[in-house]
Protein chains: 2
Amino acid sequence: MITLIHYPLSVPSRLVRLVLAECEIVPQLQEEAAWERRPEFLIVNPAGTLPVLVEDDAPPVCGIWAVSEYLDETRGFALGDRRLLPSSAAQRAEVRRLTEWFSMRFDDEVTGYLVEEKVTKRERARRGGNGSPDSSALRAARSNIRTHLAYIEHLLGARNWLAGERMSYADLAAAAALSVADYLGEVPWSEAEEAKNWYMRMKSRPGFRPLLADQIRTVRPPEHYALLDF
Amino acid sequence: MITLIHYPLSVPSRLVRLVLAECEIVPQLQEEAAWERRPEFLIVNPAGTLPVLVEDDAPPVCGIWAVSEYLDETRGFALGDRRLLPSSAAQRAEVRRLTEWFSMRFDDEVTGYLVEEKVTKRERARRGGNGSPDSSALRAARSNIRTHLAYIEHLLGARNWLAGERMSYADLAAAAALSVADYLGEVPWSEAEEAKNWYMRMKSRPGFRPLLADQIRTVRPPEHYALLDF
């Protein structure tokens, strides 16, 4: 049995849920608001980051780098030609570059700000903290996401999928990232037609359904969020 | 021929130099001040991050995740029982967790601030920019490094090396991280005896020598920096 400690609007958590779905593994999900830094969670992952994957009685696998590679090492071979890391070292390097890009950098530059300002602060406000969003952080996120969309469009100009001729971790990472921003109504789709078409392909994968059904208490997604054709 | 695009005080760059030395590969080094975001460099790595490894005519391998895995995939087997990623998936996960910790998190929390305030700003000041260090950033770095040292001591309490019974990427990453802070005179060694002993072991590896000989123009390291016994 695999348990995944995750948060619904965490990009690397969503990436791993998509990977597990491609491997046809249904994990037991355990939600963690990582920013609360609960002592019990820090015992499991002292870095306090998500996701954390626990398989049976093995030690927890912590962080997106370790989890992605662990799943490829233990499940990749069985996927045959649907393996999410390609077979050549050079192609694998390209997939990893983009997986780091979308699961870490996009999160630093876009979704990190959006989730903090639109979600985490509201959670804190319910407990008497300061809930007013910082408009300069939101402005930065809105400017940065345009750069990322342009980069996706640039990649799709030369390739069927982000890292090459087959779907890979890179596509799942970028789709996970955009899905979090889209939940918060922050993807300017009208400016990025190629990216939108690619995202519709990603959204139609069976593994995407549970993500599109997720709702968090304090923020409702826009109507188009769960539509496959939008 | 392998070319490594690096910066002398970049933690992930130093990690890869140490890995290459363990593989007995002498790379051609090409220094890049990544914060300048030179257009020619952004063509090689659009993320603008270091290190970038280029082997012969293959596409560049960008970022610490991709480079570490690339070197294990192409050179790890030849290292035999000195391989820097262990053989079991669970142990590999532990090495990757700690490699991410020291090459990314330590850099975010400690060396990123130190290099920005003590090095990059001076470089900018030479060109007429603002060169005064932000004392709150330095305070944060100095507080954070104590937490990291305590964590290293905690790990060494139960293990010979940071991730287990053999030297791995985790040790090279932590040593790379500490060596950058040490160059800037910012490691409170007197508070961390076990960590100091372990770091002396790391420093005595042949691959460490070129790092200890590196000097940057604007800042000289303290005297103990290059001493194997300090």
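Residues numbered from 1 in each chain as written. Chains lettered and ligands numbered in written order. Predicted model: local features only at pLDDT ≥ 70, side-chain atom pairs only at ≥ 80, totals over all residues. Heavy atoms only, no water.

An unreviewed UniProt entry lists chain A under the name Glutathione S-transferase family protein, with Propylenella binzhouense as the source organism. According to the UniProt record, the Subunit (unreviewed entry) comment for chain A is "Homodimer." (UniProt positions renumbered as here; feature names shortened; annotations may be inferred.)

Caption draft 1: Region of the structure containing the UniProt feature "domain: GST N-terminal" (unreviewed entry) in chain A. Under the UniProt annotation, "domain: GST N-terminal" (unreviewed entry) lies at residues 1-79 of chain A. In residues 1-79 of chain A, the share of helix is 39% and the share of strand is 19%. The end C-alpha atoms are 19 Å apart. (Helix = DSSP H or I, 4+ residues; strand = E, 2+ residues; numbered from the N terminus.)

Caption draft 2: Focus on the interface of chain B and chain A. Listed per partner, the contact involves 28 residues of chain B and 28 residues of chain A. Counting the contacts that link chain B with chain A gives four salt bridges. Salt-bridge contacts for E73 of chain A lead to R92 of chain B; the nearest nitrogen and oxygen are separated by 2.7 Å. The tally of links between chain B and chain A comes to eight residue pairs in polar contact (both at pLDDT 80 or more). Going through the elements one at a time, β4 (61-62), α3 (64-76) and α4 (89-126) of chain B are the ones with two or more residues in the side of chain B that touches chain A. For the side of chain B that touches chain A, the element with the highest residue contribution is α4 of chain B, accounting for 11 residues. Its residues placed into classes, the side of chain B that touches chain A shows 14 nonpolar, six polar and eight charged. (Contact = heavy atoms within 4.5 Å. Salt bridge = Lys/Arg side-chain N within 4 Å of Asp/Glu carboxyl O. Polar contact = N/O pair within 3.5 Å; in protein donor to acceptor, adjacent residues only side chain to side chain. Nonpolar A, V, L, I, M, F, W, Y, C, P; charged D, E, K, R; others polar.)

Caption draft 3: Expanded view of unusual backbone geometry. All names here are of chain A. The amide bond that connects L50 to the next residue, P51, takes the cis arrangement and shows omega of -5 degrees. Phi angles above zero are rare outside glycine, and E24 is one such case at about 55 degrees. When you line up the elements, E24 lands in the loop between α1 (11-22) and β2 (28-31). For E24, a relative accessible area of 65% puts it in the exposed group. Residue R37 is not a glycine yet carries a positive backbone phi of 50 degrees. With respect to the secondary-structure elements, R37 resides in the loop between β2 and α2 (39-44). Of the residues examined, R37 reaches a relative accessible area of 43% and is grouped as partly exposed. (Buried < 20%, exposed > 50% of the residue type's maximum accessible area, 1.4 Å probe, protein only.)

Caption draft 4: Geometry of the packing of aromatic side chains. Summed over the entire model, instances satisfying the criterion amount to 21 aromatic pairs over all chains. On the basis of an interplanar angle of 85 degrees and a centroid distance of 5.0 Å, the ring pair of Y7 of chain B and W35 of chain B is categorised as edge-to-face. You can see Y7 of chain B sitting in the loop between β1 (2-6) and α1 (11-22) and its partner W35 of chain B sitting in the loop between β2 (28-31) and α2 (39-44), a full 28 residues away along the chain. Assessed through its relative accessible area of 6%, Y7 of chain B is described here as buried. Ring pairing ties together the aromatic residues W189, W198, Y199, F208 and F230 of chain A, which thus form one cluster. A cation sits over an aromatic face here: R105 of chain A above W101 of chain A, 5.0 Å from the ring centre. Seen from the ring of W161 of chain A, R201 of chain A lies directly overhead, with NZ or CZ sitting 4.3 Å from the centre. (Phe/Tyr/Trp six-rings, centres within 6.5 Å; stacked < 30°, edge-to-face > 60°. Lys NZ or Arg CZ within 6 Å of the ring centre and 35° of its normal.)

Caption draft 5: Local environment of the environment of R122 of chain A. All names here are of chain A. Note on placement: R122 falls in helix α4 (residues 89-126). A sequence separation of 97 residues divides R122 from V219, and the C-alpha atoms of the two residues are 9.0 Å apart. Those residues within four positions of R122 in sequence are excluded, and the remaining contacts are T218 and V219.

Caption draft 6: Representation of the side chain of E117 of chain A within the structure. All names here are of chain A. Examined against the element boundaries, E117 turns out to sit in helix α4. Its relative accessible area of 7% is what places E117 among the buried residues. In this structure the side chain of E117 is engaged in a polar contact, spanning 2.8 Å, whose partner is the side chain of K121. Here D134 takes part through its backbone nitrogen, which lies 2.7 Å from a polar atom of the side chain of E117.

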